[in-house]
Protein chains: 2
Amino acid sequence: MKRTLGKVYIVGAGPGDIGLITVKGLKALKRCDVVIYDRLVNPKLLKYAVKAKELIYVGKERGESHRQEDINKLMIEKARQGLIVVRLKGGDPMLYGRVGEECKALRDAGIPYEIVPGISAFQAAAAYSEIYITHRKYSSSISIATGHEERGKKKVDLASLAKAADTLIIFMGASKLKEIIDELVTGGLKTNTPIAIVQNASLKEQVIIKGRLRDIAHKAEKAKLEPPAMIFIGKAVANMPRKPWFKCRILR
Amino acid sequence: MKRTLGKVYIVGAGPGDIGLITVKGLKALKRCDVVIYDRLVNPKLLKYAVKAKELIYVGKERGESHRQEDINKLMIEKARQGLIVVRLKGGDPMLYGRVGEECKALRDAGIPYEIVPGISAFQAAAAYSEIYITHRKYSSSISIATGHEERGKKKVDLASLAKAADTLIIFMGASKLKEIIDELVTGGLKTNTPIAIVQNASLKEQVIIKGRLRDIAHKAEKAKLEPPAMIFIGKAVANMPRKPWFKCRILR
């Protein structure tokens, strides 16, 4: 007898604050049989997976990208058992979430799936720190890059991105901050360009480090900056209110 | 006797699919006394505002930007009456949502507020059309611009944004498509650059128009393209699967 196929929901968990998951994402989580979740997912979300018999952690540590294939296999295997799978990813799966690779594997295997977008860390960091990344007066364009580039790929030119757009946002840049600053300044950005780093966006541990390209590395070191963190560069940073609505530590 | 101040929640409603509002946003909607909502909010969301005595529509039509001041006054007035106000905006208020102006007005008036981010139309369009805006193999950077620029402001250089980033995303470009294409081609983009337009993202009326810079205007005219629509340009478009998981009309 042929077993009915299950289905995979690739769900964005949002950033830290668990209230930032979507209603659709939470619904999938409540009804699923299996959760396959990543490192950047807030573990408090897992308690909503009330029917799930398995909660499988597949958090990739840096450099272990070969495990992507194992994750694909796992999703396919569970769906072939007729199970409803939630593949839970931090932030928005469409932004640096490898959703293209996972969907391709599911599609090739004939497994039905849906993508449920999530609030990205950059959105939470902007909203909870009041960095107005678009503003009629000073920012009508944004560029987004990753500070943690895949080896072998043509390198992103951060300075060009910063010059083309009013606001530059960098994901996963905390551990390479000095290289990023060097690249931007060598590429022609002024050393007094405003920059802010938001660590643990939307969590009570949120910290904002504000500065200029010339002094931010020193400030970040003093503050013992650690991932996950989002970096914002441009006028939007200069126009932040002194204290955002969300109470958090601010280092200037 | 001094009346207790209310509070304003600036909430992103997400794009079309009402399941894409956040849990936190829905909670605020369920508890509030007043909803002040915009044109791009799905009206089906309003039924969740079960305690609200007033649902106030402040949909701005194009060009009527002077009304922003009236909206600010309205929020302040309601909060001063001790009411809990949800200021409901389509998509993510942080992206082209004038949240900076509204927060400044609230702050200046001493009104407490919170920002609840929402799923932006670009995220829904990408997820529901399977446009992998980031992908390890071909897209590690994104730029975002608006096709509907405020008059008098320094104009965004769309071609530079497209050249600096792997994927260019344009908001509110449907009504100016020909000008946008002209600008990109004049700016040096090849006429065979892949482009996709997603209209009514995440709704059952979603339509995807796929083409190249040289033929997209013609296709869009034939398809009677209307706002709201998101435009995607670059390799990510070339790598879309032929049919996304979300069933919708696709014009090639």
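This is a predicted model, so every value here is computed, not measured.

### Focus: the interface of chain A and chain B
Point 1. Across the boundary between the two partners, chain A contributes 62 residues, which contact 62 residues of chain B.
Point 2. Connecting chain A to chain B are 6 salt bridges.
Point 3. A salt bridge links R107 of chain B to E130 of chain A, with the nearest nitrogen and oxygen atoms 2.9 Å apart.
Point 4. The interface formed by chain A and chain B includes 29 residue pairs in polar contact (both at pLDDT 80 or more).
Point 5. Within the residue set of the side of chain A that touches chain B, elements represented by two or more residues are α1 (23-31), α3 (99-108), β5 (113-116), α4 (121-129), β6 (141-146) and α5 (158-164) of chain A.
Point 6. Each residue belonging to the side of chain A that touches chain B can be placed in one class, and the counts come to 32 nonpolar, 16 polar and 14 charged.
Point 7. By the bridge criterion, 5 bridges tie β6 of chain A to strand β6 (residues 141-146) of chain B in an arrangement that is antiparallel.

### Considering the pairing of strand β2 (residues 34-37) of chain A
Residues and elements named next belong to chain A.
Point 1. With burial as the criterion, each face of β2 is covered, one bearing V34 and I36 and the other bearing V35 and Y37.
Point 2. Judged from the 4 bridges that link them, β2 and strand β3 (residues 54-57) form a sheet pairing that is parallel. Its bridge partner lying in β3, V35 is registered against L55.
Point 3. Inspection of the sheet shows β2 paired to strand β4 (residues 84-89) by 4 bridges, in the parallel sense. Across the sheet, the residue bridging to V35 is V86, located in β4.

### Focus on helix α2 (residues 68-80) of chain A
Residue and element names in this part refer to chain A.
Point 1. Here α2 is 13 residues long and its end C-alpha atoms lie 19 Å apart, about the 18 Å a rise of 1.5 Å per residue gives.
Point 2. Regarding α2, the residues found buried are Q68, I71, N72, L74, M75, I76, K78 and A79.
Point 3. Contacts from the buried residues of α2 go to β1 (7-12), β2, β3, β4 and α3.
Point 4. Directly beyond the C-terminal end of α2, a positive phi value near 85° is found at G82.

### Observations regarding the pattern of salt bridges
Point 1. Taken as a whole, this structure holds 26 salt bridges over all chains when the rule is applied.
Point 2. A salt bridge links R136 of chain A to E101 of chain B; the nearest nitrogen and oxygen atoms lie 2.4 Å apart. Of this pair, R136 of chain A sits in the loop between α4 and β6 while E101 of chain B sits in helix α3 (residues 99-108), placing the two residues on different chains.
Point 3. Note on E101 of chain B: relative accessible area 18%, which makes it buried.
Point 4. Across the salt bridge formed by K204 of chain A and E205 of chain A, the nearest N and O atoms sit 2.9 Å from each other.
Point 5. Within this structure, K7, K24 and E114 of chain A together with D17 of chain B form a network of salt bridges that share partners.

Cut-off values and rules
Residues numbered from 1 in each chain as written. Chains lettered and ligands numbered in written order. Predicted model: local features only at pLDDT ≥ 70, side-chain atom pairs only at ≥ 80, totals over all residues. Heavy atoms only, no water. Contact = heavy atoms within 4.5 Å. Salt bridge = Lys/Arg side-chain N within 4 Å of Asp/Glu carboxyl O. Polar contact = N/O pair within 3.5 Å; in protein donor to acceptor, adjacent residues only side chain to side chain. Helix = DSSP H or I, 4+ residues; strand = E, 2+ residues; numbered from the N terminus. Nonpolar A, V, L, I, M, F, W, Y, C, P; charged D, E, K, R; others polar. Pairing = 2+ DSSP bridges. Buried < 20%, exposed > 50% of the residue type's maximum accessible area, 1.4 Å probe, protein only. Expected span 1.5 Å × (residues − 1).

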